[in-house]
Amino acid sequence: RSKDLGRNSFQLYKPAMNARSLERLAMESKFKKALRTNEFKLCFQPQIDAKHQRLTGLEALVRWQSPELGSISPAQFIPLAENLGLIVELDIWVINKACQQIRLWLDEGVPFAKVSINVSALHFSQGNLVLAVQNALHYWHVDPHWVEIEITETSFISSLPEAKKVLTNLKKLGVKIALDDFGTGYSALSYLTQLPIDTVKIDASFIAKVPDEYGNSQIVTAIIALAKSLRLGLVAEGVEKAAQLRFLEQLECYVIQGFYFSKPLYPCEYVRFIAQKKFSVLASLPEPLLK
Ligand code: C2E
Ligand code: MG
Ligand code: MG
Ligand code: MG
C-alpha cells in the first residue's frame, strides 16, 4: 500500500513515528521524575519453611505508584526501564531502599530474615553492581549476611566469564546469590556448578502445573533432585494451593514463596504479619558479634 502512495507515504508514516517517540519521551520523563519523587515503593514477600513454619527470607519487589498513571506492575515498567537505559538507576534505588529497610527493622527490633533483591541482567553489562551493593551495605551499616542478590539466567548470555567475575566479587562481599526463574531461560545445567550460586528458585510457571500435569511434575522433581545433590538451597515460587505444597513437601522441598502463605507486603503490612506469630524467625546473632 505504501508503495502505491510513493513519496507521500513518507508523510503518512512520519506522524506515527513522532507520536511513538513523543510517548517514549513522556514515559522517560515520568520515570525519571518517579525516581526523584519517591513514587517507587518496595514490598516484601515472605519465604516460609513449611516444615518448621519459619520465615527464612523476604523478596523485595518494587512497585510504581504514579499519581498520573496509577499503580503500574513491574512486569510493565522493568522492560520499559531496560529500554530507556534507566534500569541500572532503578536497581540501585532498590538496593538502597532494601538496605534502608533492613536498617529500620534492625533498629526497631522487628524480626525478619535475609532480604532478596532482584537485579536486571543488563546490570551485568552496564554499571557496577558490586560497587552499588557495597556502597549500600556500608551506608546503611548492614551486615552482608542479610542480603541475597537474585539474578536470572539471562545475565550469563552476553558473557559468562564477566558474570562469573561479578558473582565472585559479590560473594566476596558476603552476600548470597539466588538464581531466579530457574528453568525458563537459557538454562545450561553447568551454570549451577560453574558459578557461585547458593539457591535456585523454581519458576512459578512450573509450580502452576503441579501436581496435575505429568511431564511438568517430572521436571520439578528433577530440578529438586539436582539442587539437592549439588547442595544448593531451593525456593519454590508461586505456590498458591495446598496440593502444590503437598507435592513439594513429598519431595522435601520445604521453602515456599507464594500467595498460599502470603502476598508481597508493604512494610506496615509486614509488621502485622510477623506480629501474628504464625511463623517463627530464626534468632540471629546480636549485631556487634557480626562485625
Ligand atoms: P520474580 O522476581 O520472579 O518475582 C516473583 C513474582 O511472582 C512477583 O511478581 C510476585 O508478586 C509474584 N508472585 C509471588 N507469589 C505468587 C503466587 O502465588 N501467584 C502468582 N500468580 N504470583 C505470585 P511482581 O512483584 O509483579 O514482579 C514481577 C517481576 O518483576 C519479578 O519476578 C522480577 O523479575 C521483576 N522485579 C520485581 N521487582 C524488581 C526489582 O526491584 N528490580 C528488578 N530488576 N526486577 C524486579
Ligand atoms: Mg525474583
Ligand atoms: Mg522468579
Ligand atoms: Mg522474574
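These figures come from a predicted structure and were not determined experimentally. (Residues numbered from 1 in each chain as written. Chains lettered and ligands numbered in written order. Predicted model: local features only at pLDDT ≥ 70, side-chain atom pairs only at ≥ 80, totals over all residues. Heavy atoms only, no water.)

Novice: Sorry, what's going on with the coordination of the magnesium ion (ligand 3) here?
Specialist: Ideal coordination angles are 109.5 degrees for a metal with four donors arranged tetrahedrally and 90 or 180 degrees for a metal with six donors arranged octahedrally. Protein coordination at the magnesium ion (ligand 3): the donors are Asp180 (OD), Asp181 (OD), Glu237 (OE) and Glu237 (OE), at 2.0 to 2.8 Å from the metal. All donors to the magnesium ion (ligand 3) come from one chain, and their sequence spacing reads D-D-x55-E. (Donors = N, O, S within 2.8 Å, 3.2 Å for Na, K, Ca; no water.)

Novice: I'm lost on unusual backbone geometry in this one. Help?
Specialist: Backbone phi values are negative for most residues with the exception of glycine, while trans is the configuration of most peptide bonds. Residues Val210 and Pro211 are joined by a peptide bond in cis, for which omega reads -5°. Looking at where Pro211 falls in the secondary structure, it is placed in the loop between α8 (204–207) and α9 (214–229). Not every positive phi belongs to a glycine, and Glu252 is a case in point at roughly 60°. In this structure, Glu252 sits in the loop between α10 (242–250) and β9 (255–257). (Helix = DSSP H or I, 4+ residues; strand = E, 2+ residues; numbered from the N terminus.)

Novice: What is the right way to look at the packing of aromatic side chains in this model?
Specialist: Centre-to-centre distance and the angle between the planes together describe a pair of aromatic rings. For the coordinates displayed, the defined rule picks out 16 aromatic pairs. Aromatic side chains Phe44 and Trp105 sit 5.1 Å apart centroid to centroid with 65° between the ring planes, which places their arrangement in the edge-to-face category. Pair noted here: Phe44 is in strand β1 (residues 40–49) and Trp105 is in helix α4 (residues 87–108), with a separation of 61 residues, a long-range link. By relative accessible area, Phe44 is classed as buried at 1%. For Trp105, a relative accessible area of 1% corresponds to the buried category. (Phe/Tyr/Trp six-rings, centres within 6.5 Å; stacked < 30°, edge-to-face > 60°. Buried < 20%, exposed > 50% of the residue type's maximum accessible area, 1.4 Å probe, protein only.)

Novice: What is the right way to look at the site of ligand 1 in this model?
Specialist: Residues in close proximity to ligand 1 total 22 residues, the closest being Arg63, Asp91, Asp180, Glu240 and Phe259. At a separation of 3.0 Å, an oxygen atom of ligand 1 approaches a polar side-chain atom of Asn118. Alone, ligand 1 offers 800 Å² of accessible surface; in the complex the protein occludes 78% of this. Looking at the shell around ligand 1, the elements with two or more residues in it are β2 (54–66), α3 (74–84), α4 and β6 (176–182). It is β2 that contributes the most residues to the shell around ligand 1, four residues altogether. (Near = heavy atom within 4 Å. Polar contact = N/O pair within 3.5 Å; in protein donor to acceptor, adjacent residues only side chain to side chain. Areas by Shrake-Rupley, 256 points an atom, 1.4 Å probe, with all protein chains shown as cover.)

Novice: How should I be thinking about the pattern of salt bridges in this particular structure?
Specialist: Side-chain pairing between opposite charges can occur once the charged atoms of the two side chains come close. Enumeration according to the criterion identifies eleven salt bridges in this entry. The partner of Lys201 in a salt bridge is Glu59, and the shortest N-O contact between them spans 3.0 Å. With Lys201 in strand β7 (residues 199–202) and Glu59 in strand β2, the pair connects residues that are 142 residues apart, well separated along the chain. Overall, Lys201 belongs to the buried group, its relative accessible area being 0%. Owing to a relative accessible area of 3%, Glu59 belongs among the buried residues under this scheme. Its salt-bridge partner being Lys165, residue Glu162 comes within 3.4 Å of it at the nearest N-O pair. One end of the pair, Glu162, and the other, Lys165, are both in helix α6 (residues 160–173), three residues apart, so they sit about a helical turn from each other. (Salt bridge = Lys/Arg side-chain N within 4 Å of Asp/Glu carboxyl O.)

Novice: Before we go on, may I ask you to explain the confidence of the model for the chain in this structure?
Specialist: Low pLDDT means the predicted coordinates in that region are not meant to be read closely. When pLDDT is averaged along the chain, the result is 90; 91% of the residues meet or exceed 70. Low pLDDT, under 50, characterises residues 1–6; the predicted model gives this stretch two contacts beyond four residues in sequence or across chains. Our summary of model confidence lists the complex with pTM equal to 0.92 and ipTM equal to 0.98. (pLDDT = per-residue confidence, 0-100. Contact = heavy atoms within 4.5 Å.)

Novice: I tried to follow the pairing of strand β5 (residues 147–151) on my own but got confused; where do I start?
Specialist: A regular strand carries its side chains on alternate faces of the sheet. Counting buried positions along β5 yields five of five residues, so the element is predominantly enclosed. The alternating pattern of β5 places Val147, Ile149 and Ile151 and Glu148 and Glu150 on opposite faces, both of which are buried. As paired strands, strand β4 (residues 115–118) and β5 are joined by four bridges and run parallel to one another. Bridge pairing in β5 links Ser116 to Glu148. With helix α5 (residues 129–139) bridging β4 and its parallel neighbour β5, the resulting β-α-β unit is right-handed. Of the strand pairs in this sheet, β5 and β6 are connected by four bridges, and their pairing is parallel. Its bridge partner lying in β6, Glu150 is registered against Ala178. This β-α-β element, β5 to α6 to β6, shows right-handed connectivity. (Pairing = 2+ DSSP bridges. Right-handed = clockwise from strand over helix to strand, strands pointing away.)

Novice: Any chance you could explain helix α11 (residues 267–275) here in plain terms?
Specialist: Quick reminder: α-helices carry 3.6 residues per turn. Residues three or four places apart thus point the same way. By the burial criterion, the buried members of α11 are Tyr270, Phe273 and Ile274. Buried residues along α11 cover an arc of 85° about the axis, so they all sit on one side. Seen from the open side of α11, the exposed residues pointing more than 90 degrees away from its buried face are Arg272 and Ala275. As for α11, its buried residues are in contact with β1, β2, α4 and β10 (280–281). Among the residues trailing α11, Lys277 stands out with phi positive, at a value near 55°. (Arc of directions from axis to C-beta.)

Novice: Got a minute to help me understand the side chain of Lys201 in this structure?
Specialist: Of note is the side chain of Lys201, whose polar atom sits 2.6 Å from the side chain of Glu150. Of note is the side chain of Lys201, whose polar atom sits 2.9 Å from the side chain of Gln257.

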